[in-house]
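# Understanding the architecture of this molecule
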Amino acid sequence: MNSVFEVQKTIREILLKILDSHSLEQLNKIPTGFSNNLIWNIAHCVSTQQILVYKLSGLPMMVSEEFINKYRKGTKPEGDVSQAEVDEIRTLLSTTLEQVQKDFADGIFQTYTEYTTSMGYTLKNINGALDFNNYHEGTHTGIVMSIRKFV
């Protein structure tokens with residue numbers, strides 16, 4: 001499983017570099033032809049990871065329901081994100097990865113509620129959730145790379 005966490009760490013490092021190299025205005029801008037912005041995509045990765053890994057395992061998430069509801073699948077930016085929110089998201093990119101690694105090593109993921117993704121792939125256990133999460137975060141990293149060309 002170390003490779004799964006190494007891939008996620010690499011993705012998260014890329015997203016952190018995006019946060020650090022764009023202004024608050026750029027992070028919030030929704031370019032023509034896109035339905036969301038840089039910061040929404042980055043926060044969406046955190047939100048989705050928490051749902052796929054913790055919620056579907058029947059465990060408490062590290063983020064609030066408000067955060068989940070703001071960035072979950074099917075949402076879009078409803079207004080600009082503040083610098084304080086960007087700072088929180090920056091912290092969560094690291095802390096949520098570190099925590100899932102620790103929790104996986106500690107063996108806390110004992111049960112899992114099967115979930116069929118919008119792609120039609122059914123997650124059956126924590127290993128599948130972690131694998132799919134990397135695919136999901138990779139997809140949104142690609143979207144981020146596209147958006148940044150227009151901000």
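Here the structure is a predicted model, which is why all the values come from computation and not from measurement.

About the cut-offs
- Residues numbered from 1 in each chain as written.
- Predicted model: local features only at pLDDT ≥ 70, side-chain atom pairs only at ≥ 80, totals over all residues.
- Heavy atoms only, no water.
- Phe/Tyr/Trp six-rings, centres within 6.5 Å; stacked < 30°, edge-to-face > 60°.
- Helix = DSSP H or I, 4+ residues; strand = E, 2+ residues; numbered from the N terminus.
- Buried < 20%, exposed > 50% of the residue type's maximum accessible area, 1.4 Å probe, protein only.
- Salt bridge = Lys/Arg side-chain N within 4 Å of Asp/Glu carboxyl O.
- Expected span 1.5 Å × (residues − 1).
- Polar contact = N/O pair within 3.5 Å; in protein donor to acceptor, adjacent residues only side chain to side chain.
- Axes fitted to C-alpha atoms, helices over the stretch in contact; angles between N-to-C directions.
- Parallel < 35°, antiparallel > 145°, perpendicular 65-115°, else oblique.
- Left-handed = near helix turned anticlockwise from the far one by under 90°.
- Contact = heavy atoms within 4.5 Å.
- Nonpolar A, V, L, I, M, F, W, Y, C, P; charged D, E, K, R; others polar.
- Core = buried A, V, L, I, M, F, W, Y, C linked by side-chain atoms within 4.5 Å.

How two aromatic rings sit relative to each other is set out by the distance from centre to centre and by the angle between their planes. Evaluated as defined, the whole model comprises 6 aromatic pairs. Ring geometry for phenylalanine 5 and phenylalanine 104: centres 5.7 Å apart, planes at 65°, overall edge-to-face. Of the two residues, phenylalanine 5 sits in helix α1 (residues 2-20) while phenylalanine 104 sits in helix α5 (residues 83-105), which places them 99 residues apart along the sequence. Phenylalanine 5 gets classed as buried once you look at its relative accessible area, which sits at 4%. Using a relative accessible area of 24% as the deciding quantity, one classes phenylalanine 104 as partly exposed. Taking 4.9 Å as the distance between ring centres and 55° as the angle between the ring planes, the aromatic pair formed by phenylalanine 67 and tyrosine 71 counts as tilted. Taken as a pair, phenylalanine 67 and tyrosine 71 lie in helix α4 (residues 65-71) at a separation of 4 residues, close to a single helical turn. We classify tyrosine 71 as buried; its relative accessible area is 3%.

Take the pattern of salt bridges next. Under the criterion given, the structure shown has 6 salt bridges. Between glutamate 85 and lysine 70 there is a salt bridge whose closest N-O contact spans 2.7 Å. With glutamate 85 in helix α5 and lysine 70 in helix α4, the pair connects residues that are 15 residues apart, well separated along the chain. What makes glutamate 85 partly exposed here is its relative accessible area of 24%. The class of lysine 70 is partly exposed, set by a relative accessible area of 36%. Each of Asp20, Asp87 and Arg90 takes part in salt bridges that share partners, so that together they form one network.

Before going further, it helps to spend a moment on helix α6 (residues 126-147). Over its 22 residues, α6 runs 31 Å from end to end, which matches the ideal 32 Å to within 8%, given 1.5 Å per residue. One side-chain oxygen at the N-terminal end of α6 lies 3.1 Å from the backbone nitrogen of asparagine 127; it belongs to asparagine 125.

Here the focus is the packing of α1 against helix α3 (residues 38-54). Remark: α1 packs on α3, axes separated minimally by 10 Å, with the N-to-C direction vectors making an angle of 150°. Viewed along their axes, α1 and α3 adopt a mutual orientation that is roughly antiparallel. Handedness of the α1/α3 crossing: left-handed. Here Gln8, Arg12, Leu15, Ile18 and Leu19 of α1 come into contact with α3, specifically with Leu38, Ile39, Ile42, Cys45, Val46 and Gln49. For the contact of α1 with α3, the residue count by class is 8 nonpolar, 2 polar and 1 charged.

Formed by 41 residues in total, the largest nonpolar core has its most connected members in Leu19, Ile42, Phe67 and Val100. Those elements giving two or more residues to this core turn out to be α1, α3, α4, α5 and α6. No other element matches the 11 residues that α3 contributes to this core.

What follows deals with the environment of threonine 141. Within the secondary structure, threonine 141 is located in helix α6. By relative accessible area, threonine 141 is classed as buried at 7%. Note: C-alpha distance between threonine 141 and cysteine 45 (96 residues apart in sequence) is 8.9 Å. Not counting chain neighbours up to four residues away, the residues in contact with threonine 141 comprise Ile11, Ile14 and Leu15.

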